Each structure stands twice: as C-alpha cells, then as structure tokens.
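# Tertiary structure, described
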Amino acid sequence: MDGVMLSRIQFAANISFHILFPAITIALGWILLFLKLRFNATKDEAWMDAYKFWVKVFALSFAMGVVSGVTMSFQFGTNWPGYMERVGNIAGPLLAYEVITAFFLEATFLAVMLFGYGRVPDRLHTLATLLVALGTTMSAFWILVLNSWMQTPAGFEIRGGVAHATDWAAIILNPSMPFRVTHMLLASGLTASFLVAGLSAYRWLRGDDSPGVMRAMRVGVFVAATLIPLQILAGDMHGLNTLHHQPQKVAAMEGIWETERGAGLRLFAWPDDANRTNRYAVEVPYLGSLILTHSWEGEIRGLNEFAGEHPPMLPVFLAFRVMVGMGVLMLLVSWWAAFSFWRRGRVSRPAAWALAGMTFSGWVATLAGWYTTEIGRQPWLVTGILRTGEAAGPVPAGTVATSLAAYLAVYAFLLLAYVGTLMHLARRPALTGPDAPGEPKRPGLPAAATLVPGE
Amino acid sequence: METLPEGAWLPMVFAGLMGLAMLLYAVLDGFDLGVGIMLRAAPEEAERDRMIHSIGPFWDANETWLVLGVGLLLVAFPRAHGMILTALYIPVLLMLVGLIARGVAFEFRTKAPEAQKPRWDLAFQGGSLLAGFSQGWMLGVYILGFAEGWGALLFALFCGVFICAGYALIGASWLVWRTEGALQERAVRWARIALILTGIGVVAVSLATPFASPRIMERWFSFPEILGLAPIPVATGALFLVVFLSLRHLPRRDAALDWVPFAATAGIFILCFQGLAYSFWPYVVPDRLTIFEAASAPESLLIILVGTLVVLPVIIAYTVLVWRWFGGKAQALKYY
C-alpha cells in the first residue's frame with residue numbers, strides 16, 4: 001500500500017476515534033446545564049445526583065476528545081502538508097478561531113465545572129457549566145464551517161496556485177454549512193441522549209432505581225424522542241443540498257450508475273465498482289426520484305457523468321444505509337420508551353433493554369454519516385481545488401505504516417478502557433445526597449487532595 | 001542592520017505570538033509534565049493523588065497553549081509547518097502517544113476500577129516522560145537545523161533528557177509551592193536533583209548551539225552585540241543561584257517563600273527561550289526559511305490578528321480568575 005493510502009487510513013482512524021467523544025460532549029454539556037438548572041430551581045438532590053454522575057462521564061469523554069484532537073492538529077502537518085500550502089489562507093483562520101474562541105473557554109472553565117462545586121459560588125458553577133457547553137458547541141461550529149467549506153468552497157480566488165480569501169462572510173456561510181452544522185449538532189444530541197438513556201436504563205435494570213437514575217433516563221428518552229424526527233427532516237434537507245452541490249456524492253449514496261428518470265429507491269444492493277453495476281438490488285420503483293426531486297419522473301444524474309471525479313460507490317452506499325437504518329431504529333426505540341413513560345410514568349422492562357442495547361447507537365450513526373459525506377467527496381480533499389493525493393507529504397510509506405500501527409493500538413486500547421470504565425461507573429451504587437457512600441471524606445487532607453470531579 | 005521586507009510587521013507579530021504560546025506551553029504544561037515525571041517517586045497513593053490534584057484544574061488549559069502554538073505555526077507559516085512536522089515525524093508521534101497516555105490517565109485513574117489504578121499511574125508517568133523527552137528531541141533536531149547522522153541524533157536524545165530534567169525542576173518547584181508536609185519535603189529533594197541536571201543541560205546546549213551553526217556563533221559573539229546579550233546568561237546564572245539558595249532553606253514554617261523556586265525556574269525558562277529565539281531570528285526553519293518567506297497572505301493574517309487581539313485578553317483574564325479560585329494551599333476547602 002502506498003504512503004497516501006496509509007496516510008488516509010491513519011487520518012480516517014484518528015478522526016473516527018476523535019469524533020466519538022465530541023459527539024457525546026457537545027450535547028452532554030447542554031444536558032448537564034439542564035440538570036443543574038433543574039437542581040437550582042427545585043433544590044431536589046436527585047437532579048444533582050444525576051449531574052454528578054454525568055459530569056464524570058463528561059470529564060472522561062472530554063479528555064479523550066482533547067488528546068485525540070491534539071493528535072489531529074499535528075497530523076495536518078505530519079501527513080498532509082499540501083493541504084495547508086494550498087488552502088492555508090482559509091483553513092488557517094478558521095482553525096485559529098476555533099482555538100481562541102472555543103478551546104480555551106472549554107478547557108479553562110472545565111476546571112470550575114468539575115472541581116468548583118462547593119468551592120466557588122453556586123451561580124459561578126452554573127455559569128461555568130454554560131460556558132463549557134457553549135465552548136464545545138462553538139468549537140464544533142468552526143470545525144464544521146471548515147469541513148463545509150472543503151465540501152462546497154466559496155468566497156475565495158486562486159492566485160499563484162494558492163487559495164486566497166476574498167469574502168469571509170461567503171466562506172463562513174458557504175452553501176452546505178447551515179445544513180451540516182444542524183445535522184451534526186442534532187447527531188450529537190442523539191448520541192448523548194441515547195447514551196444517557198441507555199446507561200441509565202442499564203443501571204435501572206441492574207436494580208438501581210434511585211431518583212437520580214430515573215430522572216436521567218427520562219431526560220435522555222424525551223430528548224431523543226424529540227430530536228429524532230427533527231434529525232430525519234434535517235438529514236433530508238442536507239441530502240437535497242448535497243444533490244445540488246455534490247451530485248456525484250448523492251449518486252453514490254443512491255446507487256445510481258447511469259443517469260435516469262423515474263429512478264427507483266435502492267433499499268439494498270451490493271454496488272460493484274469494478275463492473276459499475278449493482279448486485280442483489282432490491283428497489284422500490286420511482287421512489288428515488290420522488291424523494292430527491294419531489295417528482296415521479298425527476299432525473300437523477302448517475303456516476304457516468306463524473307468520470308474520474310467521483311468516489312467509490314460501495315462504501316458510500318453502505319455507510320449511508322447504516323446511518324439511515326440506525327436512524328429508523330432510534331425513532332422506534334425512543335418513541336416506544338417515551339410512550340411507555342407517558343402512559344405509565346416509567347419505562348417497561350423490554351423498552352429498558354432496548355434502550356440499553358442502543359446506548360452507543362449514536363456512535364454508529366454518526367460514524368456512518370461521516371463516512372458517507374467524507375468518502376463521498378473523494379477524490380477531492382477540497383472540492384475542485386485540491387485532490388487528496390496531492391496534499392500528502394513526503395514521509396516514506398514504512399514510517400507511516402509504523403505510526404498507523406501505533407495509533408491503532410492506542411485507540412483500540414483506549415476505546416476498550418473507555419467503554420469498560422463507563423460500565424464500571426454504571427455498576428457502582430448511585431450517590432444519594434451529600435454524604436454519599438463511595439466518596440470517602442478525608443477531612444485531614446489539604447485542599448488539593450479533596451478535588452474529586454463533581455464534588 | 002538587516003533591512004526588513006515591506007509589510008514585515010505581520011509575520012513578526014505572528015512569530016512573537018507563536019513564540020509566546022510555545023513559551024507559555026513550556027512553562028505551564030512543563031510543570032504538569034514534571035509532576036507526572038515524578039509521580040511514582042511518591043510511595044503513597046494519597047501523595048500521588050495530591051500531586052495530580054494540584055495540577056488537575058490547570059492541565060487542560062495548559063495543554064491548549066501547545067495547540068495554539070502549533071496552530072499559529074500552521075496558520076501563519078504553513079510552509080514551515082509542513083517542513084518542520086514532516087521532518088519531526090517520529091518524535092511528534094512519540095509525543096502524541098505520550099500526551100494521549102498522560103491526558104486520559106488523569107480521568108481513568110479515578111474512574112476505572114480501583115485495581116487498575118497503579119497501571120494508570122504508570123501510564124501517567126510514562127506518558128509525561130515520553131512527551132517531555134520527545135519535545136526535547138524535537139528541540140535538539142531543530143537546534144541542529146534538521147541535520148542528520150548519529151551525532152545529531154545523540155544530541156537530540158541528550159536534549160530529550162535535559163528537557164525532562166527541566167520539566168522535573170519546574171514540576172518539583174510547583175509542588176514546593178502548592179503542597180505541604182512530607183510531600184513538600186520530598187519535592188524539595190526532587191527539585192535539588194533536577195536543578196543540577198537542568199544546569200548541566202543549559203550549559204551544554206548553550207555551548208553546542210553556536211558550534212552547530214556558524215551564523216549563530218557570529219550572532220552571539222560579535223562586537224558590540226555581545227555587550228547587549230551578556231545579561232541573558234548572567235541573569236540565567238543568577239536565577240539558578242536563587243533556586244539553589246531557596247531550596248536550601250525550604251520548606252520554611254511560614255510558607256511565605258514557597259513560590260520562589262517556581263518563579264525563578266519560570267524565569268530560567270523565559271531566558272533560555274529568549275536566547276534560543278535570538279539565535280534563530282529571523283528563521284522559522286533554521287538557516288532555510290525565514291518567517292517572511294513562510295508567512296501566509298496578509299489578509300488572512302490580519303483576520304486572525306483581529307480575533308486574537310480581541311480574545312487573548314479575555315483568555316488571560318479568565319485564566320487569571322481560575323488560577324485565583326484554585327490558588328494557594330487553601331486548607332479550608334469544605335466538602336459541601
């Protein structure tokens with residue numbers, strides 16, 4: 001395998017690992033703020049118990065996101081020097097704004113959020129929770145602006161082979177940005193709410209029916225049930241936007257090799273990139289055109305119109321189906337559980353098992369969605385400006401293979417440790433009230449020794 | 001005098017900002033990594049907890065300075081960014097693995113099952129050591145202008161050890177400042193050892209750098225520049241003496257001077273950084289690429305600068321606030 005392919009796999013591995021954690025923290029920050037505000041309003045300790053549990057999960061996820069994010073910022077230079085040389089004038093400021101407006105905010109106030117309860121005034125602790133949530137969201141915003149610009153560039157001109165910014169408003173408000181930001185923020189909301197609902201259901205099934213656990217489960221279920229229809233709508237709008245700006249990506253998602261009118265909706269198929277045909281296709285006639293063009297006879301352009309400029313169909317086609325399938329499953333499970341809450345005031349055991357099984361469903365859907373959009377823009381790194389292969393650096397393939405192996409080993413290990421630790425936290429008895437067991441008081445030790453997240 | 005190219009102020013400002021971010025990183029995450037390097041030298045679990053909790057509220061923001069420093073290199077000097085990072089591929093990889101291990105160990109050691117805690121302590125220490133070592137390695141490679149061969153590698157590895165010693169010194173000084181009792185006494189002993197190793201390192205690197213590059217030799221030892229530059233090594237020596245003397249008299253019962261070794265060590269870091277910056281100016285890739293040749297388009301630099309000038313004071317303000325909230329050895333922290 002050549003160095004470019006290895007670098008691509010390495011970056012894909014890194015960014016896939018990274019996105020798992022922001023996908024949780026972006027929305028979990030807002031859920032924590034909600035829990036804190038409920039506690040402030042009601043003074044009911046159950047809200048604070050839920051806060052204290054989930055702030056630990058937040059801290060752990062945040063740390064995982066930070067370390068993998070730092071790694072990524074270095075890989076731009078180590079593996080993709082051509083990227084910054086060509087579009088650095090645009091990517092640079094966007095990345096810089098992320099660091100100065102978001103990174104410092106979240107990293108600094110995280111300390112107050114984790115360690116400040118009881119040490120700083122309570123209002124300040126609430127404010128810190130808000131600022132951390134705001135920081136993670138702004139961070140996501142800038143990164144998605146950059147990603148969207150790479151998919152649908154605007155507001156620039158090429159001088160001397162290098163992109164120069166001509167209109168910053170057009171760069172930031174590029175055509176796919178509003179759709180991508182909405183889609184990703186909702187994806188984070190779903191990832192976090194299914195995690196909260198699923199892990200709480202797991203705790204309840206193991207016999208922990210303390211009020212904090214039940215509150216968290218309820219919050220998770222209702223957030224998920226509210227967001228999933230919005231996400232399906234947002235996804236559809238994002239798809240139509242993509243059809244307009246990156247038709248070859250949609251052709252790959254829908255399995256359309258040749259331009260056709262009244263195209264069927266391929267429910268399943270196994271696209272064969274070598275022979276440019278679909279095997280084992282199962283399709284509903286005309287539905288594809290109807291969904292994408294809102295007309296029975298609408299024309300959908302196939303990959304044949306984009307010779308040498310389109311992505312491989314198989315991974316895009318499959319990833320898209322995994323994402324949509326997971327979305328449907330999320331809709332069913334969250335509405336089932338919400339209905340159960342609504343009718344009986346608590347969740348039924350089968351619904352709780354379904355929630356527990358869906359704990360990490362947001363991860364699967366988010367990754368599948370990102371694979372769809374990122375593989376779907378190949379062979380371009382920046383549409384029409386820079387091909388992926390052109391951006392790769394001179395590092396020998398053997399060296400990249402070594403670093404790839406190292407990263408994969410580290411990531412696999414950390415993922416296991418992360419999930420294992422979440423399960424461990426979930427199995428510990430819930431904290432109730434200020435003098436909870438499992439958090440021993442050590443009054444003899446000085447300040448630094450008594451900093452425990454969430455205390 | 002060298003004449004500066006037209007519009008040179010923007011790259012200069014960005015070189016200054018980048019340098020500031022890197023320096024702040026070296027001082028701030030330096031003490032975090034230093035504490036990590038010494039973690040398992042403390043025999044008791046309770047002491048290790050205290051060491052880590054002393055840096056817990058700060059480390060995350062501290063590491064962000066590295067992201068900003070590399071980010072500014074990336075955005076302001078994209079060509080240099082590519083050249084430097086591809087040349088430093090292996091040490092960058094090692095540093096990242098180290099930072100990953102250290103960063104996640106913070107959380108895992110208190111949240112994973114109790115039986116795993118010693119292993120996460122090991123990851124914490126190993127990660128800190130690896131990160132510090134590879135940063136020193138990078139510094140060494142950079143000083144020698146990316147020269148290759150066994151001699152250069154040996155020098156780079158020496159710099160790795162030396163940076164670890166420097167981090168251990170500032171980490172131990174931090175613990176002298178922020179802890180008390182048996183742990184503080186231990187930290188004083190660690191600081192004494194680290195001081196000797198750091199002193200050897202500073203002298204060795206200061207002597208080696210001029211020999212590595214005739215340009216740097218000329219820059220430091222030509223007349224009359226040498227008169228203006230003499231205060232740097234003199235002040236560095238004086239600060240070493242301050243650390244040495246204060247460590248002899250610490251810990252004191254009134255704790256009033258506990259901050260002295262940390263402040264003096266931070267001063268040493270600043271002066272060493274100044275010396276290096278002077279040696280390499282105006283190059284961003286030594287002897288190959290100046291900051292003026294490597295700079296991004298002015299319109300892009302300007303838009304970053306505007307944002308930075310607005311946001312940086314805010315960042316500094318809330319950083320100072322958080323330092324005050326988590327300051328001192330406050331005895332009376334209430335469990336709510």
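Residues numbered from 1 in each chain as written. Chains lettered and ligands numbered in written order. Predicted model: local features only at pLDDT ≥ 70, side-chain atom pairs only at ≥ 80, totals over all residues. Heavy atoms only, no water.

### What about the interface of chain B and chain A?
Taken together, the 65 residues of chain B in the interface contact 80 residues of chain A. Buried surface at the junction of chain B and chain A, both sides included, amounts to about 6,700 Å², of which 76% is carbon and sulfur. Linking chain B to chain A there are 0 salt bridges. If you look at where chain B meets chain A, you find 7 residue pairs in polar contact (both at pLDDT 80 or more). Elements with a minimum of two residues in the side of chain B that touches chain A: helix 2 (45-55), helix 3 (59-76), helix 4 (78-87), helix 5 (89-111) and helix 14 (298-325) of chain B. Of all the elements, helix 5 of chain B adds the most residues to the side of chain B that touches chain A, at 14 residues. Of the residues assigned to the side of chain B that touches chain A, the class counts are 39 nonpolar, 15 polar and 11 charged. (Contact = heavy atoms within 4.5 Å. Buried area = accessible area lost by both parts, 1.4 Å probe. Salt bridge = Lys/Arg side-chain N within 4 Å of Asp/Glu carboxyl O. Polar contact = N/O pair within 3.5 Å; in protein donor to acceptor, adjacent residues only side chain to side chain. Helix = DSSP H or I, 4+ residues; strand = E, 2+ residues; numbered from the N terminus. Nonpolar A, V, L, I, M, F, W, Y, C, P; charged D, E, K, R; others polar.)

### A word on the pairing of strand 1 (residues 156-159) of chain A
Both strand 1 of chain A and strand 2 (residues 162-165) of chain A contribute to a ladder of 4 bridges, which runs antiparallel. Residue A:Glu157 lies in a different strand from strand 2 of chain A, and its bridge partner there is A:His164. (Pairing = 2+ DSSP bridges.)

### Looking at the confidence of the model for chain A
Here chain A averages 86 in pLDDT, and 94% of its residues register 70 or above. Across residues 433-450 of chain A, confidence stays below pLDDT 50; counting only partners more than four residues off in sequence or on other chains, it has 32 contacts. (pLDDT = per-residue confidence, 0-100.)

### Re unusual backbone geometry
The omega torsion of the bond from A:Gln378 to A:Pro379 falls at 5°, within 30 degrees of zero and hence cis. In the segment running from B:Trp281 into B:Pro282, the intervening peptide bond is cis, with an omega of 0°. Relative to the assigned elements, B:Pro282 resides in the loop between helix 12 (260-280) and strand 1 (283-285). In this model, A:Lys43 sits at a positive phi of 55°, which is unusual for a non-glycine residue. Note on placement: A:Lys43 falls in the loop between helix 1 (3-42) and helix 2 (45-79). Of note in this structure, A:Tyr286 is not a glycine but carries a positive phi near 65°. Within the secondary structure, A:Tyr286 is located in the loop between strand 5 (277-284) and helix 9 (287-293). Given the relative accessible area of 39%, A:Tyr286 is considered partly exposed. (Buried < 20%, exposed > 50% of the residue type's maximum accessible area, 1.4 Å probe, protein only.)

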